[in-house]
Amino acid sequence: MTIFLLLLGAALIYLVQDRLYARRWSQGLGVSIRFPKQVVVEGETASLVEVITNAKRLPLPILHVKFQISRNLRFGGDDNTSVSDLSYRHDIFSILFYQKITRTLEFQCTKRGFYAIDRANLVATNLFLSRSMVKSVKQNAYMYVYPRTVSTESIDLPFKKAMGTLLSKRYLFEDPFEFRGIRDYEITDPMNSINWKATAKTGDLMVNVHHSTLSQEAVIFLDLQDDTLWKYENLHEMAIRIAASFAIRFLEQSIPTRILCNGKDQITKEIVQVPVGNGRRQMDAINESLSRIDLSQDPVPCTEQMAEELANMGNRHPYYILIGNSFGHQRKEYLKQLADLGSGAMWIALCEKNQEIPTSSSDNLEIVKWEVQHEI
């Protein structure tokens, strides 16, 4: 009789707790996943914070928290991550009543990108581990991994050449209606620039100096198209880093900069274009756009963007930089036209070791060979 009563009591306890957990296990249960730093640079170490809150009197002996994220965020030395096309995190907690658990996970940012966690799946058990309850919780965790910049010694020379061209042509186009001052006459000055009143007053030839109509603007064409069916992802990633490096250098020199890329945005699915701007906000806008380039989407032809730029150039005279590993003749012709109408141009020709690149036949167009080591 005693054994029967014990079994009956155990059965009642089991049924009561089973029904209680089935109805109330998720009440007062909160799960928050966030990135403490929403902006890091490729190659840096970052962290992810999980916060589990159980605001009720019902403990959860086993709680599984599962979510997925890109494998480009590498969690080191952790058995709770399964990696395939994505990284699948599976963390296990045991949480008492009215308890809060915070766990911080470190990872390596191996590749630039925009990474988000929009959902976490919860699986809990009752006291006897005989029933599993499942719930999905929305999350809003995201992080930008900016492309890293290239080494200083690699970019110094081409950047100085670009800046030299920009500065040398600063006063090439003068606006006769924008008076800037008076200076001594030089043999290269036209006769109609002589200020005769100032000449009579000083006894020496003096000339008027006008403000420049030249827009000191840098335009970076980021070409992510391949000449063959083979996709050279390592070259494209280097092209993105070089574009970021040039943009940062120009903006540090207060040169308004814009980006015209034929690659597509992973969120909007539209081609990546950053309007001209200056300052810190422009630097962030460019880095965010470059981070979100999705190389799995087919780019549009770069020559279409060049043709559109030629058609809409107007009175602007930008300096152009083309960065890419495609060497079609049409690209060169378009870039030469842009260089002649603008302030000049530079072609950063990305290639693998011993690969031939085009040569320049124009004083306004400089072609720089940039060898990229093949990544295995």
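Reading the values: rules and limits
Residues numbered from 1 in each chain as written. Predicted model: local features only at pLDDT ≥ 70, side-chain atom pairs only at ≥ 80, totals over all residues. Heavy atoms only, no water. Salt bridge = Lys/Arg side-chain N within 4 Å of Asp/Glu carboxyl O. Helix = DSSP H or I, 4+ residues; strand = E, 2+ residues; numbered from the N terminus. Buried < 20%, exposed > 50% of the residue type's maximum accessible area, 1.4 Å probe, protein only. Patch = residues over 30% accessible without salt bridge, like charges linked within 9 Å, V, L, I, M, F, W, Y side chains within 5 Å. Areas by Shrake-Rupley, 256 points an atom, 1.4 Å probe, with all protein chains shown as cover. Expected span 1.5 Å × (residues − 1). Contact = heavy atoms within 4.5 Å. Core = buried A, V, L, I, M, F, W, Y, C linked by side-chain atoms within 4.5 Å.

(A) Representation of the pattern of salt bridges within the structure. Counted according to the given criterion, the structure contains 19 salt bridges. Across the pair Arg-131 and Asp-18 runs a salt bridge whose closest N-O atoms are separated by 2.9 Å. Separated by 113 residues along the polypeptide, Arg-131 in the loop between strand S9 (113–125) and strand S10 (132–146) and Asp-18 in helix H1 (residues 2–24) bring together distant segments of the chain. Note on Arg-131: relative accessible area 35%, which makes it partly exposed. The salt bridge involving Glu-233 is made with Lys-111; its shortest N-O contact spans 2.4 Å. Placement of the pair is Glu-233 in helix H4 (residues 233–252) and Lys-111 in the loop between strand S8 (99–109) and S9, with a sequence separation of 122 residues. On the accessibility criterion, Lys-111 (21% relative accessible area) is partly exposed. One salt-bridge network, in which partners are shared between bridges, spans Lys-111, Arg-112, Glu-233 and Glu-237.

(B) How the structure looks around a nonpolar patch on the surface. Taken together, the side chains of Phe-4, Leu-8 and Leu-12 define a hydrophobic patch exposed on the protein surface, amounting to about 300 Å² of accessible area. In this structure, Leu-12 sits in helix H1. What makes Leu-12 partly exposed here is its relative accessible area of 48%.

(C) The arrangement of helix H2 (residues 152–168) in detail. Helix length check: H2, at 17 residues, gives a terminal C-alpha distance of 23 Å against a target of 24 Å (1.5 Å per residue), a fit within 8%. Looking only at H2, the buried set comprises Ile-155, Pro-158, Phe-159, Ala-162, Met-163 and Leu-166. Along its buried surface, H2 packs onto H4, strand S17 (319–324), strand S18 (345–351) and strand S19 (365–371).

(D) The arrangement of the nonpolar core in detail. With 41 residues, the main nonpolar core has Leu-222, Phe-246, Phe-250, Ile-323 and Ile-348 as its most contacted residues. Take this core: its biggest share by element is 12 residues, from H4. With residues near it in sequence (within four places) discarded, Ile-323 still touches Ile-220, Phe-221, Leu-222, Asp-223, Ala-239, Ile-242, Ala-243, Phe-246, Ile-348 and Leu-350. Ranked by size, the runner-up nonpolar core spans 34 residues in total, among them Leu-58, Ile-101, Leu-105 and Tyr-115.

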